[in-house]
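Residue-level listing of the chains:
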Amino acid sequence: MPVQIGAKTHNFTDPTGLLSDCHRRIEMFLETLAAAGKVMGAPPSVDTARALQSALVYFRQAAPKHTADEEQSLFPRLRGREEPELKSALSTLDRLEKDHEAVSPLHAEVERLAETYLETGSLSASDVQAFQTAVARLQETYREHIRVEDFTVFPLAAHLLSDSDKSAIAQEMATRRKVPLLGIDAAKPSE
Ligand SMILES: [Fe+2]
Ligand SMILES: [Fe+2]
């Protein structure tokens, strides 16, 4: 189920703004996971269970679309350009893609442990520790990853990509979410 958070989001005329909006959701749901990790020594309250489930759904369903937006829509169009100011940013794209791969097993571990916790109402002390460690590693990886994307890659993309490239990226993002690319508000992706 799509997750809509906060009233202020960018729209499809600003695809890199939309990608930054996704980063705010990633950060928020990582915080949700970290908060859950602190109370896993006891059965989950209704609020904790609901918040944890929302975070799991986000990382299972929505976050992969964000990765696809970057790897399939944005990065290839940046790699096709030759402006000198892009040179050092382009060299970071391979590293960003490696980060995308590196977080997969951590997300799988978090999901496995969280599902066990939600199903059984408890986790062993060592599993709580493993959950906390995996979440902390995710937060650490995403912190630097998002900083590079938000402050280096996306501003350059917004500045250098043509309007037709931006429109194509936006269209692909809309298609991934199965929403129409029509009106600004109507076309806001929620993932
Ligand atoms: Fe990324
Ligand atoms: Fe990103």
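Right, let's walk through the structure included here.

Basis of the calculations
Residues numbered from 1 in each chain as written. Chains lettered and ligands numbered in written order. Predicted model: local features only at pLDDT ≥ 70, side-chain atom pairs only at ≥ 80, totals over all residues. Heavy atoms only, no water. Axes fitted to C-alpha atoms, helices over the stretch in contact; angles between N-to-C directions. Helix = DSSP H or I, 4+ residues; strand = E, 2+ residues; numbered from the N terminus. Parallel < 35°, antiparallel > 145°, perpendicular 65-115°, else oblique. Left-handed = near helix turned anticlockwise from the far one by under 90°. Contact = heavy atoms within 4.5 Å. Nonpolar A, V, L, I, M, F, W, Y, C, P; charged D, E, K, R; others polar. Core = buried A, V, L, I, M, F, W, Y, C linked by side-chain atoms within 4.5 Å. Buried < 20%, exposed > 50% of the residue type's maximum accessible area, 1.4 Å probe, protein only. Donors = N, O, S within 2.8 Å, 3.2 Å for Na, K, Ca; no water. Tetrahedral: all angles 85-135°; square planar, octahedral: opposite > 155°, others 65-115°. Phe/Tyr/Trp six-rings, centres within 6.5 Å; stacked < 30°, edge-to-face > 60°.

Here we look at the packing of helix α1 (residues 15-37) against helix α2 (residues 46-79)
- The geometry of α1 relative to α2 is characterised by a closest axis approach of 10 Å and an angle of 150° between their N-to-C directions. If you check the angle between α1 and α2, you find them roughly antiparallel. Handedness of the α1/α2 crossing: left-handed. Every residue of α2 that contacts α1 at Thr-16, Leu-19, Cys-22, His-23, Arg-25, Ile-26, Phe-29, Leu-30, Thr-32, Leu-33 and Ala-36 is listed here: Ala-51, Leu-52, Ser-54, Ala-55, Leu-56, Tyr-58, Phe-59, His-66, Asp-69, Glu-70 and Leu-74.
- For the contact of α1 with α2, the residue count by class is 14 nonpolar, 5 polar and 3 charged.

Regarding the nonpolar core
- Leu-33, Leu-52, Tyr-58, Phe-59 and Phe-131 are the most contacted members of the largest nonpolar core, which totals 28 residues.
- For this core, the elements supplying multiple residues, two or more each, are α1, α2, α3 (87-120) and α4 (125-160).
- Excluding its chain neighbours within four sequence positions, the residues that come into contact with Leu-33 are Leu-52, Ala-55, Leu-56, Phe-59, Val-110, Phe-131 and Val-135.
- Leu-78, Val-148, Ala-170 and Ala-174 belong to the second-largest nonpolar core, a separate cluster that totals 21 residues.

A word on the coordination of the iron ion (ligand 1)
- Those donors, Glu-70 (OE), His-100 (NE2), His-145 (NE2) and Glu-149 (OE), are the protein atoms that reach the iron ion (ligand 1), and they lie 2.0 to 2.2 Å from it.
- The site at the iron ion (ligand 1) holds 4 donor atoms, and with the angles between them running 81 to 172°, its shape is irregular.
- All donors of the iron ion (ligand 1) come from a single chain, and their spacing in sequence reads E-x29-H-x44-H-x3-E.
- Between the iron ion (ligand 1) and the iron ion (ligand 2) the interatomic distance amounts to 3.1 Å, and Glu-70 serves as a bridging ligand to the pair. Of the two residues, His-100 sits in helix α3 while His-145 sits in helix α4, which places them 45 residues apart along the sequence.
- Overall, His-100 belongs to the buried group, its relative accessible area being 12%.

Looking at the coordination of the iron ion (ligand 2)
- Those donors, His-23 (NE2), His-66 (NE2), Glu-70 (OE) and Glu-149 (OE), are the protein atoms that reach the iron ion (ligand 2), and they lie 2.0 to 2.1 Å from it.
- Considering all 4 donor atoms around the iron ion (ligand 2), angles at the metal cover 85 to 167° and the coordination shape is irregular.
- If you list the donors of the iron ion (ligand 2) from N- to C-terminus, the spacing comes out as H-x42-H-x3-E-x78-E.

A few points about the packing of aromatic side chains
- Counted under the stated rule, the structure contains 2 aromatic pairs.
- Between Phe-29 and Tyr-58 the ring centres are 4.8 Å apart and the planes differ by 20°, which places this aromatic pair in the stacked class. A residue pair is termed long-range when its members are at least 10 positions apart, and Phe-29 in helix α1 and Tyr-58 in helix α2 qualify at 29 residues.
- Relative to Phe-59, the ring of Tyr-58 has its centre 5.4 Å away and its plane inclined at 80°; by these criteria the two rings are edge-to-face. Pair check on accessibility: Tyr-58 and Phe-59 agree, each one buried.

Observations concerning the packing of α3 against α4
- As a packed pair, α3 and α4 sit with axes 9 Å apart at the nearest point and diverge in direction by 155°. With respect to their mutual orientation, α3 and α4 come out roughly antiparallel. Note that α3 runs across α4; the crossing there is left-handed.
- A class-by-class count of the residues in the contact of α3 with α4 yields 17 nonpolar, 6 polar and 6 charged.

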